[in-house]
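# Descriptive structure summary
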Amino acid sequence: MPATAYDVLIIGSGPGGYIAAVRCGQLGLKTALIEKYPTLGGTCLNVGCIPSKAVLESTELYHKATEQFAAHGIDADNLRADLPRLMARKDQVVKKVCDGVVFLMRKNKVDVIHGVASFVDAATVQVVPAEGGNGEPQQLTAKNIIIATGSKPSSLPFITLDKERVITSTEALALRELPQHLIIVGGGVIGLELGSVYARLGSKVSVVEYTDAIIPTMDRTLGKELLRSLKKQGLEFYLSHKVTAVTREGATVKLTASPAAGGADLQLAGDYCLVSVGRRPYTDGLNVAAAGVELDEKGRVKVDEDLQTTVPGIWAIGDVVRGAMLAHKASDEGVFVAERIAGQKPHLNYLLIPGVVYTWPEVAGVGYTEEQLQELGRAYKAGSFPYSASGRAVAGSDTEGLVKVLTDAQTDEILGVHMIGPRIADIIAEAVGVMHFRAAAEDVGMMSHAHPTYAEAFKEACLNAAGVGALNM
Ligand code: FAD
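Per chain, the residues get numbers from 1 upward, laid out in the order the sequence is written. The predicted nature of this model means local features are confined to residues of pLDDT at least 70 and side-chain atom pairs, given and counted, to a pLDDT of 80 or more, with totals for whole chains, interfaces and linings taken over all residues.

The name an unreviewed UniProt entry assigns to the protein chain is Dihydrolipoyl dehydrogenase, from the organism Hymenobacter koreensis. The annotation that UniProt attaches to the protein chain under Catalytic activity (unreviewed entry) is "N(6)-[(R)-dihydrolipoyl]-L-lysyl-[protein] + NAD(+) = N(6)-[(R)-lipoyl]-L-lysyl-[protein] + NADH + H(+)". UniProt positions are given in the numbering used here, feature names are shortened, and annotations may be inferred rather than shown by experiment. According to its UniProt record, the protein chain has this under Sequence similarities (unreviewed entry): "Belongs to the class-I pyridine nucleotide-disulfide oxidoreductase family."

Structural data, given as structure tokens:
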């Protein structure tokens, strides 16, 4: 069969692949995007960021109505959350954003090919229809190929994911009945976001975590504060517990875990168990070996600082390579590689990729954590500001959390910003912005911030770190 030739072939249509495709199209490169599922958008749009934020938003509204309206003098009796309708809205949201990617491909003259891609050699990819799909297998060649095949939920070797009651985030985002008792293995971002969703709707939620903290990769202060807030919301936590068994008997799921401190095993029984112990890079069936592309010991595609694999002309981005598994990291890398292929000299500062947790309060961080600065032996100063002292937060009855700013002890340059509180997911963008321009904390203290806003807390924490003295504390 004659192979169709492209400048760039992109395998995978997640936020890495589709954004790379848009940028390649903008740069005038003849581009094709290959996706094995019927819809574009990858994990993020179909079963990740977007559906999770849709259900978080719905359940937050419900939680506010049930728990907080009365304090505002609003009576809302007989409130009821209808899970199938809530999920139907989520499905509409997902459809809308996925359709948006189809539009973007058309607008940027990117050919979309549905099917499963695998390497034939370093310049040729075969695409066969996915199970149940029509069409003939075809071969495509390209000067450049971008692997953007993302990740899949990982599990523990002794757990059987039956996807009915022992589930991953994908099934947790599509439940049709409210769990009575949802057991969550793993206190990371995905487990806590989905745990919040069901706790707000009335499920009992128990989180079992191996380490001694939740969200353990973020600045430790954030995990401690979030733990306190989520406990108040009724979630139960078992930290420093190693899960040793998860078994299903009919509609009951049983979990056993051994405490690091010793003593009797923890035994829990629930009707659903969400296994959220991280995600694994996904290259199944891609036949990278035929192209000579090497994987590392964790199954990630090996790349250099330009995101080029061990084979010149083959690149890899997003969850399938080293680094944080975040949608915006994948997209930033997509733009980087597209521009690199077009002969430009792009730049990507990994230190300034923010991480966000969409619980309530929200959590976000960028730059160095305090633990990292201590490990590096770097002299730093810390400043903070609690939301309990923010007029806007008091007016909104949302006073949990704080902003912490870490600065270089000599130069006052901001090295890290860690926030927990209301609307933090958006406020972290200001920290990224000022850190991009290498601002000192005092610079932020001199910038006017509208009053009263939640963002003022960042300015106050900067003033505190700079030793100028906070204005509202
Ligand atoms: P993916 O989005 O995984 O896309 C890869 C695509 O490649 C898939 O569509 C797959 O079908 C396709 N593919 C794979 N192999 C082949 C093949 N051989 N042929 C053809 N196609 C193939 N990140 C955030 O930044 N913010 C969030 O709020 C957030 N929330 C999340 C919530 C949940 C529940 C989950 C699970 C993840 C969340 N993430 C979030 C992480 C985010 O979804 C990922 O980091 C992001 O999707 C990675 O993008 P990617 O392009 O690398 O891969």
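## A short note on the overall build of the protein chain
Per the convention used, a helix needs a DSSP run of H or I reaching at least four residues, while a strand needs a run of E reaching at least two, with both numbered from the N terminus. The secondary structure content of the protein chain amounts to 14 helices and 22 strands. For the protein chain, the residues scored as buried account for 45% of the 473 residues in total. We call two residues in contact whenever the C-beta atoms placed from their backbones are within 7 Å. Across the protein chain, the fraction of contacts at a sequence separation of at least 24, relative to all contacts at a separation of at least 6, is 64%. Note on burial: count the other C-beta atoms lying within 10 Å of the residue's C-beta; 20 or more is buried, 12 or fewer is exposed, in between is partly exposed, and C-beta positions come from the backbone.

## Notes on the nonpolar core
In this usage, the nonpolar core is the set of buried Ala, Val, Leu, Ile, Met, Phe, Trp, Tyr and Cys residues whose C-beta atoms join them within 7 Å. Leu-9, Ile-10, Ala-20, Ile-146, Cys-273, Ile-317 and Val-363 are the most contacted members of the largest nonpolar core, which has 131 residues in total. Residues within four places of Leu-9 in sequence aside, it is in contact with Ala-32, Ile-34, Val-125, Leu-140, Ala-142 and Ile-145.

## A closer look at the site of the ligand
The full set close to the ligand counts 36 residues, and Gly-12, Gly-14, Gly-42, Gly-150 and Gly-318 are the nearest of them. Of all the elements in the fold, those that place two or more residues in the shell around the ligand are α1 (15-26), β2 (31-35), α2 (42-47), α3 (49-67), β4 (116-121) and α9 (327-341). Whether a residue is near a molecule or strand depends on its C-beta atom, placed from the backbone, lying within 6 Å of it.

## Side note on the UniProt feature "domain: FAD/NAD(P)-binding" (unreviewed entry) in the protein chain
Here the UniProt-annotated "domain: FAD/NAD(P)-binding" (unreviewed entry) positions come out as residues 6-334. Helix makes up 32% of residues 6-334 and strand 26%, and the two end C-alpha atoms of the span are 17 Å apart.

## Some details on the sheet that holds strand β14 (residues 266-270)
For two strands to pair, DSSP has to find at least two bridges joining them. With respect to topology, three strands assemble into an open sheet ordered β12-β13-β14, the strand pairing being antiparallel. A strand with exactly one partner marks an edge of an open sheet, and here the two such strands are β12 (241-249) and β14. Adjacent strand axes in the sheet meet at a mean angle of 20 degrees when their direction is disregarded. One ladder, built from eight bridges, connects β12 with strand β13 (residues 252-259); its direction is antiparallel. Within β13, the position partnered with Arg-248 by the bridge is Val-253. Between the N-to-C directions of two axes lies an angle of 0 to 180 degrees, each axis being a line fitted to C-alpha atoms and, for a helix, fitted only over the stretch in contact.

## Considerations on the UniProt feature "domain: Pyridine nucleotide-disulphide oxidoreductase dimerisation" (unreviewed entry) in the protein chain
Those residues carrying the UniProt feature "domain: Pyridine nucleotide-disulphide oxidoreductase dimerisation" (unreviewed entry) are residues 353-461 in this numbering. Along residues 353-461, the helical share is 34% and the strand share 28%, with 21 Å between the first and last C-alpha atoms.

## What about the pairing of β4?
Of the strand pairs in this sheet, β4 and strand β5 (residues 124-128) are connected by five bridges, and their pairing is antiparallel. Looking at the pairing, Ala-117 lines up with Val-127 of β5.

## A look at the environment of Ala-269
Relative to the helices and strands, Ala-269 resides in strand β14. Sequence spacing of Ala-269 and Leu-182 is 87 residues, and the spatial spacing of their C-alpha atoms is 9.0 Å. Excluding anything up to four places from it in sequence, Ala-269 contacts Thr-252 and Lys-254.

## A few points about the sheet that holds strand β11 (residues 236-238)
In space, the five strands of this open sheet follow the order β8-β15-β9-β10-β11, with parallel pairing throughout. Sheet topology places β8 (166-167) and β11 at the edges, where each strand pairs with a single neighbour. When strand β9 (residues 181-185) meets strand β10 (residues 204-208), the two strands line up parallel, connected through five bridges. Across the sheet, residue Ile-183 finds its bridge partner in β10, namely Ser-206. The sheet strands contacting helix α6 (residues 189-201) are β9, β10 and β15 (272-275), and the helix crosses β10 at an angle near 165 degrees.

## Section: the packing of α1 against α9
In contact at an axis separation of 7 Å, α1 and α9 are set at 30 degrees when each is read in the N-to-C sense. Considering how the two elements wind past one another, α1 and α9 form a crossing that is right-handed. Contacts between α1 and α9 pair Pro-15, Gly-16, Gly-17, Ile-19, Ala-20, Arg-23 and Cys-24 from the former with Ala-327, Ala-330, Ser-331, Glu-333, Gly-334, Val-335, Val-337, Ala-338 and Glu-339 from the latter. Taken together, the residues that form the contact of α1 with α9 break down as nine nonpolar, four polar and three charged. Each crossing is labelled by how the near helix is turned from the far one, with a counterclockwise turn of less than a right angle marking it left-handed and a clockwise turn marking it right-handed. We call Asp, Glu, Lys and Arg charged. Ala, Val, Leu, Ile, Met, Phe, Trp, Tyr, Cys and Pro are nonpolar, and the rest, Gly among them, are polar.

## Notes on unusual backbone geometry
For the peptide bond that leads from Trp-360 to Pro-361, omega is 0 degrees, which places it in the cis range. Locating Pro-361 in the fold gives a position in the loop between β18 (355-357) and β19 (362-367). The omega angle of the peptide bond from His-451 to Pro-452 is -10 degrees, so this bond is cis rather than trans. In this fold, Pro-452 is placed in the loop between α13 (441-446) and α14 (456-466). We note that Leu-307 has phi near 65 degrees; this positive angle belongs to a residue other than glycine. Among the secondary structure elements, Leu-307 is positioned in the loop between α8 (288-291) and β17 (314-316).

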